[in-house]
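# Descriptive structure summary
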Amino acid sequence: TASVAAPLSAIISTRSIVSRTTNEPARSAGPGLPDVCVSGRWWGGGEVEACAGSWRAQLDARTEAGRICAAALPSSADGVALFAALAAGDAPFAALSGDPSTWPQAASLGHSVVLVLPPALAAHQSTARRQGFEPLVLTAADVSRHRPPRSWWSAPGVIVLSSGSTGAPKVAYR
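Remember, it's a predicted structure, so these values are computed and weren't measured experimentally. (Residues numbered from 1 in each chain as written. Predicted model: local features only at pLDDT ≥ 70, side-chain atom pairs only at ≥ 80, totals over all residues. Heavy atoms only, no water.)

### A closer look at the environment of L117
Looking at the secondary structure, you find L117 in strand 5 (residues 114-117). In this structure L117 comes out as buried when scored by relative accessible area, which is 0%. Sequence separation between L117 and A72 is 45 residues; the distance between their C-alpha atoms is 5.6 Å. Filtering out sequence-adjacent residues up to four positions away, L117 remains in contact with A72, W103, H124, Q125, P135, L136, V137 and L138. (Helix = DSSP H or I, 4+ residues; strand = E, 2+ residues; numbered from the N terminus. Buried < 20%, exposed > 50% of the residue type's maximum accessible area, 1.4 Å probe, protein only. Contact = heavy atoms within 4.5 Å.)

What follows is the structure, given as structure tokens:
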């Protein structure tokens, strides 16, 4: 099933995450994040992890524990970092495209859904409100002070929406 967050999946597919030395799919050395290649630039796992850790701290401070959020994930290293930050939380989250024209109405995901926007998508706050979301814009990641979360993959699941190519988009929980 095609996902609304398909551009992000292209970033994190094994075709895009490739080891610099062996041209094989990158593998994390442990619980950390792998290196990511975006638009020809390599982002070290440590860079992505620092950004994700900083944003996870912001999310912990600015959202209720266990509250389902949606996130606009741009096709960039920031999108990968935001996905990792949300995956380190204690609640499921909806992975949406960075393209606001593809966002569903918030009501399709539940009542009073927060839409997390990375700084690069801050201009879309009004669109998020029109769709019924409560926008939460993250500030630039403070990569000098991040502390890795207890686990990068502690979220109970990810909610994705089909593309809607055969009708209304359908929710899938993974």
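### Focus: the packing of aromatic side chains
Under the criterion given, the structure shown has 1 aromatic pair. When the ring of F83 is compared with that of F93, the centres are 5.4 Å apart and the planes differ by 75°; the resulting orientation is edge-to-face. Residue F83 is found in helix 3 (residues 77-87), and its partner F93 is found in strand 4 (residues 93-97); the two are separated by 10 residues along the sequence. Using a relative accessible area of 1% as the deciding quantity, one classes F93 as buried. Looking at R41, its charged tip hangs above the ring of W43, at a distance of 3.7 Å from the centre. (Phe/Tyr/Trp six-rings, centres within 6.5 Å; stacked < 30°, edge-to-face > 60°. Lys NZ or Arg CZ within 6 Å of the ring centre and 35° of its normal.)

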